[in-house]
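Notes for the structure review
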Amino acid sequence: MSPVMVPATDHAPVVRSFSPGDFEVPHGREEEWRFTPLTRLQGLHESPEALAEPEITVAGIDASAVQRLVLDAGLRARVSTPVDRIAAHSWQLADHATVISIPAETTLDDLIAVQVHTPAGTSFGHLVVEVGAFATVTVLITFTGAGAFAGSVDINAGDHSHVTAGSVFESDRQAVTAARIHVRLGRDANVRSSVITLGGDLTRIHATVEYTAPGGDAELLGLFFADAGQHHEHRVFVDHSQPHCRSSVTYKGALDGAGTHTVWIGDVLVRAGAVGIDTYEVNRNLVLSDGARADSVPNLELETGEVVGAGHASATGRFDDEQLFYLRSRGIPEEIARMLVVRGFFADILRRTNIPDLPTRIMSIIDDRLGVTDLVDEVISA
Amino acid sequence: MSTLEIRNLHAAVETDAGPEPILRGVDLTVVGGQTHAVMGPNGSGKSTLAYVIAGHPKYKVTAGSITLDGVDVLEMTIDERARAGLFLAMQYPVEIPGVSVSNFLRTSVGAIRGEAPKLRLWLKEMKDAMAALSIDPTFAERNVNEGFSGGEKKRHEILQLELLKPKIAVLDETDSGLDVDALRVVSEGVNRFRESGDTGTLLITHYTRILRYITPDFVHVFVDGRIVESGGPELATQLEDEGYERFIALAQKEGATP
Ligand SMILES: Nc1ncnc2c1ncn2[C@@H]1O[C@H](COP(=O)(O)OP(=O)(O)O)[C@@H](O)[C@H]1O
Ligand SMILES: [Mg+2]
């Protein structure tokens with residue numbers, strides 16, 4: 001099958017295809033790969049083989065709502081077409097998806113909890129969350145494991161549906177993850193999708209938004225905490241092709257330790273017909289120590305001036321020696337001082353995820369990584 | 001009763017051009033119950049003295065000693081010094097984005113007292129302490145020093161002083177940048193602290209204005225990195241009338257004959 005060529009804009013992907021051969025092997029100079037340390041991808045970007053299968057378990061919903069579907073024409077229409085070689089390989093090497101279907105007009109009170117566990121070796125997998133019209137659902141997807149994993153999550157929010165989704169990447173320190181999280185919004189659909197990245201040696205998340213009808217409202221939230229040389233890369237692409245939709249993108253990252261690198265690219269494209277849209281994107285980073293580097297590149301491309309709002313912001317701040325001195329001069333030990341600052345920095349974004357128990361769990365993982373011992377925690381914070 | 005003892009203290013600041021000596025032999029003893037005013041011209045090294053006591057990493061002690069009740073302060077980390085009972089109200093308090101005043105205060109009080117205060121009691125304690133300093137209750141939810149005016153920052157420093165109840169407090173130009181009303185409110189806070197027990201106060205100032213509200217037991221004139229003259233409150237009056245010129249000349253003369 002020949003690749004679909006899309007009219008060139010600055011930020012929309014040029015090639016969309018399920019065939020890996022339609023994409024060159026990246027060499028690192030390409031715009032979308034220039035921040036990624038390719039040598040640490042464990043070959044995912046070249047010609048990988050599937051050596052294992054991820055274990056995907058779904059809890060919180062009746063088993064009859066979960067199916068395994070092969071990648072036929074029907075499924076292709078319901079998932080995002082790959083825009084890079086890794087994604088194309090992931091469908092070639094795992095040509096099926098776990099599909100969770102929520103019927104129209106159902107409100108699920110329980111959280112749907114999905115666990116994607118990737119064993120050692122290279123594996124590929126796909127998840128589709130199909131939300132019917134007027135349905136309301138909350139789904140939390142947790143990625144764990146040790147290997148190199150490439151895959152996708154497609155969230156198809158039907159007309160007037162309300163979807164709260166969270167994707168938490170907490171693989172082991174040596175793991176590599178390249179994942180796409182695609183949100184597709186029907187008429188007046190409302191989606192809040194949060195990405196939380198903590199784990200891995202290299203984690204590269206491509207979060208994309210597509211509107212199929214007017215009135216969609218997408219809230220994208222992101223939190224990443226990288227330390228000890230981790231590479232966390234988040235690339236957002238919101239494609240405003242429909243009128244009167246809204247997008248709001250907020251990513252916050254904290255970095256600690258020499259060699260740690262985070263990348264945030266926020267591309268928003270407002271196409272000529274997308275009048276009356278409202279979009280805002282912001283990335284804030286907090287650098288906790290010397291030698292950690294945060295790259296942050298917001299891009300807003302407007303093909304129409306008839307918008308309600310369009311803006312972006314990016315700022316990287318440091319937790320500096322003077323702040324540390326001030327807190328310590330009040331008796332607060334260094335680790336607790338860092339914890340206070342990081343907790344303060346992440347508090348609002350965690351609250352906004354709207355996923356029960358998630359803020360506490362994520363903060364305690366980060367506390368641990370900041371070296372806050374249980375004892376000190378008990379005595380001081382409570 | 002606590003004693004802070006500073007002996008022959010020499011310290012240098014780390015600059016790009018290497019260490020630059022600032023403190024040149026400071027001798028000072030502050031005993032609980034006493035208030036000492038250290039007065040000197042700008043650039044004489046007063047803040048450096050305050051920072052060295054608190055353990056700021058930019059300053060290196062090159063000679064001399066500081067002890068608190070006989071224990072070597074210079075061996076302690078910054079936070080250990082605070083937990084040992086030292087407090088510094090800073091001339092330029094630092095903004096801490098993302099950390100609310102209430103969270104900061106509770107963590108700090110917990111660290112100093114050794115256990116987190118019980119939430120209900122704590123809220124009342126904080127509210128009362130803020131009211132005494134005419135600090136708007138909404139400040140509890142604001143980020144530490146972020147967007148505070150000069151006067152608000154100084155009140156917030158004194159709020160910490162009153163909540164942390166140190167053995168020895170160093171107040172670095174707490175009076176600067178305050179209008180008359182704020183100066184009175186802040187001074188009342190310092191006086192409450194002084195009367196709260198056998199606490200020692202080292203009041204660093206450039207002007208005599210604050211000494212109308214806070215009467216010191218001892219006044220030291222600080223020039224060129226050391227104390228050149230000490231006396232009672234009358235020395236402050238003399239400084240108000242004459243300025244620092246005579247002492248600067250004196251320091252230069254002494255400096256010329258090592
Ligand atoms: N961080 C620093 N870097 C360079 N010089 C400094 C630094 N801190 C203080 N100094 C110098 O040390 C001297 C004393 O400064 P300071 O202690 O702030 O005096 P004061 O508080 O009496 O005005 C000044 O000449 C000042 O320029
Ligand atoms: Mg000063």
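Residues numbered from 1 in each chain as written. Chains lettered and ligands numbered in written order. Predicted model: local features only at pLDDT ≥ 70, side-chain atom pairs only at ≥ 80, totals over all residues. Heavy atoms only, no water.

**Here we look at the site of ligand 1**
Residues and elements named next belong to chain B. Taken together, 13 residues lie near ligand 1, and Ile-22, Gly-43, Lys-46, Ser-47 and Thr-48 sit nearest. Between Ser-44 and ligand 1, the recorded distance is 3.2 Å, taken from a backbone N or O atom to an oxygen atom. Lys-46 is positioned such that a nitrogen or oxygen atom in its backbone is 2.9 Å from an oxygen atom of ligand 1. Computed on the free molecule, ligand 1 has an accessible area of 560 Å², of which 66% lies beneath the protein chains in the complex. Elements supplying a minimum of two residues to the shell around ligand 1: strand E1 (3-15) and helix H1 (46-54). In terms of residue class, the shell around ligand 1 is built from four nonpolar, seven polar and two charged. (Near = heavy atom within 4 Å. Polar contact = N/O pair within 3.5 Å; in protein donor to acceptor, adjacent residues only side chain to side chain. Areas by Shrake-Rupley, 256 points an atom, 1.4 Å probe, with all protein chains shown as cover. Helix = DSSP H or I, 4+ residues; strand = E, 2+ residues; numbered from the N terminus. Nonpolar A, V, L, I, M, F, W, Y, C, P; charged D, E, K, R; others polar.)

**Some points on the interface of chain A and chain B**
Where interface size is given, it is often the accessible area lost as the parts come together that is meant. Listed per partner, the contact involves 20 residues of chain A and 38 residues of chain B. When chain A packs against chain B, the two sides together hide about 2,300 Å² of surface, and 65% of this comes from carbon and sulfur. Looking only at chain A, the three residues that lose the most surface to chain B are Phe325(A), Tyr326(A) and Arg330(A), adding up to 35% of its buried area. Where chain A packs against chain B, one counts three salt bridges. One salt bridge connects Asp79(B) with Arg328(A), and the closest N-O pair in it is separated by 2.7 Å. (Contact = heavy atoms within 4.5 Å. Buried area = accessible area lost by both parts, 1.4 Å probe. Salt bridge = Lys/Arg side-chain N within 4 Å of Asp/Glu carboxyl O.)

**With respect to the domain arrangement of chain A**
Residue and element names in this part refer to chain A. Examined at the domain level, chain A breaks down into domain 1 (4-318) and domain 2 (321-382). Look at where the C-alpha atoms of domain 1 and domain 2 centre, and you get two points 27 Å apart. Tallying the contact residues gives 34 residues for domain 1 and 20 residues for domain 2. Where domain 1 abuts domain 2, roughly 2,100 Å² becomes buried across the two surfaces, and 68% of that area is made up of carbon and sulfur atoms. Among the residues domain 1 hides against domain 2, the three largest losses belong to Leu-223, Phe-225 and Lys-252. Together they make up 24% of the total. Across the contact surface, domain 1 and domain 2 share four salt bridges. (Domains from an automatic or database assignment.)

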